[in-house]
Amino acid sequence: MDIQDILRDYFGSEITEENYPNQKVYLCNYKKYRLKIVFDSNFPKKIPEFFIEDYSENDNYYTHIDYKGKICYVAEDNLVWDTHNLEGLVRECSEKTLDVINSWNTPQMDKELREEFLSYWIELCGNSSLKARSYVDDFTKFSKLTASIEKNSLYLFNDSSDLKDKITPTSKEAIETYFLPLKKQNQVLPPNPKKKLDSAVIKKIITGNLSSSIRKSFRQWSRNKKNNFILIISIPIAKENIVLIGAMFKYSKPSLPLDGKNKDICSITPLLVERFDKSYQLSRTSQDFSLTNKKVAVIGVGSVGSFVSSTLSKMGISKLFMIDPDYLSIDNISRHYLGIDSLKNSVQKVDAMEDRLSLENPILDIETEGLKFESLILANPAAFDDYDFIIACSGNTMTNFEINHFFKNKGKPVLYSWLDPYGIGYHNLLIQPQFDGCYMCMNYEDGALVSNRLSFAAPNQKFEKKMASCSSSFVPYNAIGPSQLANKTIELFLRYANDKCKDGNVFSSHFGISTQFENEGFRYSKRYNACRENPNNLSSILQKNNSCPECRGEYNAY
């Protein structure tokens, strides 16, 4: 294969070759650009690189090219190419490079500049020592922000927010900081990263891109002289894509902000602003905004409930309520979301979980109660009135009977989650108040109380183990069961939240790992065998059990 011949097909006849240690370099002119094409000695394991020579000395800037002049013609992350088809590889790389170059100075370039706005702003900021973390979630008005500095980072909050005390309680107050949102219909392009930022560039970004109400507020503000201030500008690029940029203005004497006549006494430092608000976090993950107003209660934050709570805390819900009377101990750690680092003297699980989740997501509103469910509802029957959805992970059948009765009368949906012994299976049961049937229907047959009829373990077997005393008894199951069940619980919750459970109450079972269960000679239930023969039996609509005391109105509540 003659590389020069292939390159001539794309870049013209004048191709010169230069040899360097571990590299072959080809030089040519294409349009008004001087191209350098580098083939590493590891080619084809490493694809060729294309550069615009002397790019850093040119005032112009383009899309898909870094400050060294390297053309980013393809995203190399997870890229797969055929190392046995060398000619095809060189041709494809050359074609993609031409696509990039030929897009320059066209409407396509403006579109791509906007899509890559943040990349150019990062380049403009360079090695600026001050960066900003924004927790601002109100992008609708021109306003003063609460701004503080801690460890050389600027933290930004809505002026009425209480997040500052949670996130940076010991920080120092920063200079006056203001938030200016541009209107959605804008065509702002990123400033040239090769040129120094000045007030004229900021003014160009703002001019013509403010709504009438914001323009009025901003004009009034700009009529007052200032020494120093920070301006944070939000720029809508596309739906759910809002870029934040910042600039620190310092005047040698009091001056009108952004007045071009004062440019000689003004220094401007661009700020890189990272978004930490809930909307941004969701847009970078599921892009599911249906949960932003949901308030969810989790009863039981042991092995399963701790993983459920952790996942919920990252999904954008507005409030999380965790209820559990138990204390965290070394006995819990091997199967719990929390680790040994959370062990303290006499710390309850709910308190340890709140500490951890508040560190991981300080935006989330968390409420906890270190009581048994039965004690909580006796002390405060209205404790759950503000919550939309209940997830029961207590693993205790008698407690679940009380949960079942209480919320059936309250008219609230409950999702029950529990593991079989040794982790041979795990189950979810969604009970919605508008449908017949309830959790207790699973524990009655022909009018008699029986073991849970969804279980994969046959009844009348003893699974408890003891380490040294009765107080240390436990039912074994492996470490992966809780997280697996938690994931399935969240999946069913999402189905409910997106109106996918309109046909009735739903149960869903899943097989776990059964090696140890079998090694110790335990027996499977009839349902386990039926589900192995026909996996369709794993999930279905719950039918009302006419012998269920709750459904018959005969259950004696706590």
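The structure this text deals with has already been given above.
To start, this report covers the structure provided alongside it. Quantities reported herein were computed from a predicted structural model and do not represent experimental measurements. (Residues numbered from 1 in each chain as written. Predicted model: local features only at pLDDT ≥ 70, side-chain atom pairs only at ≥ 80, totals over all residues. Heavy atoms only, no water.)

## A look at the overall build of the chain
- When you go through the chain residue by residue, the secondary structure sums to 16 helices and 22 strands.
- Taken over C-alpha atoms, the radius of gyration comes to 31 Å for the chain, far larger than the 24 Å a tight globule of 558 residues would show.
- If one aligns the C-alpha atoms of the chain with their principal axes, the spans along those axes are about 90 × 70 × 45 Å.
- Expressed as a percentage of the 558 residues in the chain, the buried residues total 49%.
- Considering only intrachain contacts with a sequence separation of at least 6, the fraction spanning at least 24 residues in the chain is 64%.
- When the accessible area of the chain is evaluated, it comes to approximately 28700 Å², of which 45% is carbon and sulfur surface.
- Once the 69 positive and 69 negative side-chain charges of the chain are each reduced to a mean point, those two points are 5 Å apart. (Helix = DSSP H or I, 4+ residues; strand = E, 2+ residues; numbered from the N terminus. Rg over C-alpha atoms; globule rule 2.2 N^0.38 Å. Buried < 20%, exposed > 50% of the residue type's maximum accessible area, 1.4 Å probe, protein only. Contact = heavy atoms within 4.5 Å. Areas by Shrake-Rupley, 256 points an atom, 1.4 Å probe, with all protein chains shown as cover. Lys, Arg positive; Asp, Glu negative; His and termini not counted. Charge placed at Lys NZ, Arg CZ, Asp CG, Glu CD.)

## Some thoughts on the environment of I340
- Mapping I340 onto the fold places it in the loop between α10 (330-333) and α11 (349-360).
- Here the alpha-carbon distance between I340 and L282, two residues 58 residues apart in the chain, equals 30 Å.
- Every residue in contact with I340, bar those within four places of it in the chain, is listed here: I330 and I333.

## Some details on the environment of V188
- Residue position: V188 is located in the loop between β9 (177-181) and α6 (199-206).
- By relative accessible area, V188 is classed as buried at 5%.
- Note: C-alpha distance between V188 and I206 (18 residues apart in sequence) is 8.6 Å.

## What to know about the packing of aromatic side chains
- Within the structure shown, the criterion is met by 47 aromatic pairs.
- Where F384 meets F407, the ring centres are 5.1 Å apart and the plane angle is 85 degrees; that geometry is what we call edge-to-face. In this pair, F384 sits in the loop between α12 (373-379) and β16 (389-392) while F407 sits in helix α13 (residues 397-410), placing the two residues 23 residues apart along the sequence.
- Between F517 and F522, the aromatic rings sit 5.5 Å apart at their centres with planes inclined by 35 degrees, giving tilted as the arrangement.
- Overall, F517 belongs to the buried group, its relative accessible area being 0%.
- Residue classification places F522 among the buried positions, given a relative accessible area of 17%.
- The structure contains a cluster of three or more aromatic residues connected by ring pairs, namely Y422, F456, F463, F511, F517, F522, Y524 and Y528. (Phe/Tyr/Trp six-rings, centres within 6.5 Å; stacked < 30°, edge-to-face > 60°.)

## Re the nonpolar core
- In terms of nonpolar packing, the biggest core is built from 37 residues, with V298, V308, L312, L320, M322 and I391 touching the most fellow members.
- Leaving out residues up to four positions away in the same chain, I391 has contacts with V296, A297, V298, I299, V308, L312, L415, S417 and T489. (Core = buried A, V, L, I, M, F, W, Y, C linked by side-chain atoms within 4.5 Å.)

## A few points about the pairing of strand β21 (residues 506-511)
- The buried count for β21 comes to five of six residues, which makes it a mostly enclosed element.
- Where strand β18 (residues 425-431) meets β21, six bridges bridge the pair, whose relative direction is antiparallel. Each bridged residue has a counterpart across the sheet, and for N428 the counterpart in β21 is S508. (Pairing = 2+ DSSP bridges.)

## Considerations on helix α16 (residues 526-533)
- Of the positions making up α16, those classed as buried are R527, Y528 and C531. Along the axis of α16, the buried positions cluster into a sector of 105 degrees, meaning they face one direction only. In α16, the exposed positions that point more than 90 degrees away from the buried face belong to K526 and E533.
- Taken together, the buried residues of α16 touch β18 and β21. (Arc of directions from axis to C-beta.)

## A closer look at the pairing of β18
- Across the seven residues that make up β18, a large majority, seven, are buried.
- Burial along β18 is two-sided: the residues G425, H427, L429 and I431 and Y426, N428 and L430 are all buried.
- Alignment of strand β17 (residues 414-419) against β18, held across six bridges, turns out to be antiparallel. Counterpart to Y416 in the pairing with β18 is L429.
- In this structure, the hairpin formed by β17 and β18 is closed by a connection of five residues, where Y422 is found at a positive phi of approximately 65 degrees.

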